[in-house]
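Okay, here's what each chain looks like letter by letter:
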Amino acid sequence: MQNRLGASLLAFAVGLVLGVVGTFNHRGVIGVGATDVPWGIVVSLLGVACFLVGARLYSGSRLVTLAGAIGLLVPILVFSFEGPGGSVVIVQDTPGRVWDFVPFLIAVAVLAWPRVPARSARAESLN
């Protein structure tokens, strides 16, 4: 139990960092010719997916993955609201709405994914 608590706290902290970095990075674009390629949202969503899937696969626990998902989604929720000075970090346009909803959907999918039973040695020897 103590090991799972430590892993959950670590996943929460990593999720917080990833949520903050992704929030400030999701609007990054790079000009290629006459068009702008939105690299920030792509890299941020890939980071979210890799982190949550990796936490689920490594720990084998939904609790650790849930802690990481909560840590990830808290900064997104906080930065979606208008600040005291009237500034908004996550603007409610297409990239902002994608950043608001897709990490949540990724977290739900990773948490809802069924546990794959380990293959027995006998089943492996038959293949």
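Below or above, wherever it landed, is the structure these notes cover. Only a predicted model underlies this, so the values are computations on that prediction, with no experimental measurement involved.

## A look at the packing of aromatic side chains
- If you walk through the whole model with that rule in mind, you get one aromatic pair.
- Their ring planes at 70 degrees and their centres at 5.2 Å tell us that Phe24 and Phe79 sit as a pair that is edge-to-face. Placement of Phe24 in helix α1 (residues 2-25) and of Phe79 in helix α3 (residues 62-80) is noted, with a sequence separation of 55 residues between them.
- Looking at Phe24, the relative accessible area reads 54%, which means it is exposed.
- For Phe79, a relative accessible area of 24% gives the class partly exposed.

## Section: the pattern of salt bridges
- This model, assessed by the stated rule, comprises one salt bridge.
- Note that Asp93 and Arg27 form a salt bridge whose closest N and O atoms lie 2.9 Å from each other. Linking Asp93 in the loop between α3 and α4 (94-112) with Arg27 in the loop between α1 and β1 (30-32), this pair joins segments that are 66 residues apart in sequence.
- Assessed through its relative accessible area of 39%, Arg27 is described here as partly exposed.

## Notes on the nonpolar core
- In this structure, Val48, Leu52, Trp99 and Ile106 are the most contacted members of the largest nonpolar core, which totals 13 residues.
- Where this core is concerned, the elements lending two or more residues are α2 (39-59), α3 and α4.
- At five residues, the largest contribution of residues to this core is made by α2.
- Those residues within four positions of Trp99 in sequence are excluded, and the remaining contacts are Gly19, Gly22, Thr23, His26, Ile41, Ser44, Leu45, Val48, Ile76 and Ile90.

## Structural notes on a nonpolar patch on the surface
- On the surface, Phe12, Leu66, Ile70, Val74 and Val78 cluster together to form a nonpolar patch covering roughly 380 Å² of accessible area.
- When residues of the nonpolar patch are assigned to their parent elements, the largest contribution, four residues, is made by α3.
- By secondary structure assignment, the location of Val74 is in helix α3.

## Digging into α1
- Between its first and last C-alpha atoms α1 spans 34 Å; for 24 residues at 1.5 Å apiece the expected length is 34 Å, and the two agree.
- Turning to α1, its buried residues are Ser8, Ala11, Gly15, Gly19, Gly22, Thr23 and Asn25.

## Some points on the packing of α1 against α2
- At a minimum axis separation of 9 Å, α1 and α2 run at an interaxial angle of 170 degrees. Considered as vectors, α1 and α2 are oriented roughly antiparallel to each other. Along its contact with α1, which presents Ala11, Val14, Gly15, Leu18, Gly22 and Asn25, the element α2 presents Trp39, Gly40, Ile41, Val43, Ser44, Gly47, Val48 and Phe51.
- Considering only residue class, the contact of α1 with α2 consists of eight nonpolar, six polar and no charged.

## Side note on α4
- With 19 residues, α4 should reach 27 Å at 1.5 Å per residue; the first-to-last C-alpha distance of 26 Å fits that figure.
- Those residues of α4 that sit buried are Gly96, Trp99, Asp100, Pro103, Ile106, Ala107 and Val110.
- Packing partners of the buried residues in α4 comprise α1, α2 and α3.
- Sitting at the head of α4, Asp93 places a side-chain oxygen 3.2 Å from the backbone nitrogen of Gly96.

Rules and cut-offs
- Residues numbered from 1 in each chain as written.
- Predicted model: local features only at pLDDT ≥ 70, side-chain atom pairs only at ≥ 80, totals over all residues.
- Heavy atoms only, no water.
- Phe/Tyr/Trp six-rings, centres within 6.5 Å; stacked < 30°, edge-to-face > 60°.
- Helix = DSSP H or I, 4+ residues; strand = E, 2+ residues; numbered from the N terminus.
- Buried < 20%, exposed > 50% of the residue type's maximum accessible area, 1.4 Å probe, protein only.
- Salt bridge = Lys/Arg side-chain N within 4 Å of Asp/Glu carboxyl O.
- Core = buried A, V, L, I, M, F, W, Y, C linked by side-chain atoms within 4.5 Å.
- Contact = heavy atoms within 4.5 Å.
- Patch = residues over 30% accessible without salt bridge, like charges linked within 9 Å, V, L, I, M, F, W, Y side chains within 5 Å.
- Areas by Shrake-Rupley, 256 points an atom, 1.4 Å probe, with all protein chains shown as cover.
- Expected span 1.5 Å × (residues − 1).
- Axes fitted to C-alpha atoms, helices over the stretch in contact; angles between N-to-C directions.
- Parallel < 35°, antiparallel > 145°, perpendicular 65-115°, else oblique.
- Nonpolar A, V, L, I, M, F, W, Y, C, P; charged D, E, K, R; others polar.
- Polar contact = N/O pair within 3.5 Å; in protein donor to acceptor, adjacent residues only side chain to side chain.

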